[in-house]
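Chains, contacts and geometry: an overview
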Amino acid sequence: YKMFKQQHLYGLSRKELVISKGLLISLLPLIIVICLVFLSAIFGVKYSEKIGMASIFQKSYFIFTFYLQSITYMSFAMMIVCLIGHTGLSIVVYFGYLFFEAIIRFIFRIKEITEIIYFFPAKSIASLTPRPSLETAISESHQGQIQLTDRTTQFPMIVTILFACIYLLFFWWLSFSIMKRRDL
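Calculation criteria
- Residues numbered from 1 in each chain as written.
- Predicted model: local features only at pLDDT ≥ 70, side-chain atom pairs only at ≥ 80, totals over all residues.
- Heavy atoms only, no water.
- pLDDT = per-residue confidence, 0-100.
- Helix = DSSP H or I, 4+ residues; strand = E, 2+ residues; numbered from the N terminus.
- Contact = heavy atoms within 4.5 Å.
- Core = buried A, V, L, I, M, F, W, Y, C linked by side-chain atoms within 4.5 Å.
- Buried < 20%, exposed > 50% of the residue type's maximum accessible area, 1.4 Å probe, protein only.
- Axes fitted to C-alpha atoms, helices over the stretch in contact; angles between N-to-C directions.
- Parallel < 35°, antiparallel > 145°, perpendicular 65-115°, else oblique.
- Left-handed = near helix turned anticlockwise from the far one by under 90°.
- Nonpolar A, V, L, I, M, F, W, Y, C, P; charged D, E, K, R; others polar.

We now examine the confidence of the model for the protein chain. Mean pLDDT over the protein chain stands at 79; residues scoring 70 or higher make up 77%. Here helix H7 (residues 134–143) stands out as the least confident element of the protein chain, with mean pLDDT 56; helix H4 (residues 61–84) is the most confident, with 90. This model gives residues 148–152 a pLDDT under 50, and the stretch forms 15 contacts once residues within four places in sequence are excluded.

What follows is the structure, given as structure tokens:
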């Protein structure tokens, strides 16, 4: 991760710079997904009672949603770096935004305005991977039945994927627009 200015001094055009960052953002999660699939297969074979094609591919679409989620989070971080320009401050702003959005969603939930919270970027992106809400996990653990579904989303998975793709395209468009206009 060299600074944009240094890579520009080495001779990369702005377009090549954005493409190189895009390749990095695309390939890093791909490597992680390959490792995840490999480890899942090993643990699945070791700890499963029955092994069949139906059980192997039953929830395999979560691999794609994890990949999309990783790319979208990294693109969001790149957009913040392009907006701010300083790496350290960008990290603080990134985590600050996630914290701020969680507080805003909490306030909306208290005021019972829950329809809008699903359109926030971090919530929309986080809804791609299934996990129970804290309240649901605690109540179901006492009953002995835990399901890995995100009870906090109200949209079907395809709509959540669509929201994440829209945010991904917006993050890339804004990053490229900023880099085109700004002096590196």
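Moving on, we come to the nonpolar core. Grouped together as the largest cluster of nonpolar side chains are 13 residues, with contacts concentrated most on Leu68, Cys82, Leu128 and Met179. Breaking this core down by element, the ones donating at least two residues are helix H2 (14–47), H4 and helix H8 (157–181). In terms of residue count, the dominant contributor to this core is H8 (5 residues). If we skip the residues at most four places from it in the chain, Leu68 touches Leu128, Ile161, Ala164, Cys165 and Leu168. Phe76, Met79, Ile125 and Tyr167 belong to the second-largest nonpolar core, a separate cluster that totals 7 residues.

Running from N to C, H2 and H8 cross one another at 150 degrees; their axes reach a closest spacing of 10 Å. As judged from the angle between their axes, H2 and H8 are roughly antiparallel. In the crossing of H2 with H8, the sense of the turn from one axis to the other is right-handed. Side by side, H2 and H8 meet where Arg14, Lys15, Leu17, Val18, Lys21, Gly22 and Ile25 of the first sit next to Trp172, Phe176, Met179 and Lys180 of the second. For the contact of H2 with H8, the per-class residue count stands at 6 nonpolar, 1 polar and 4 charged.

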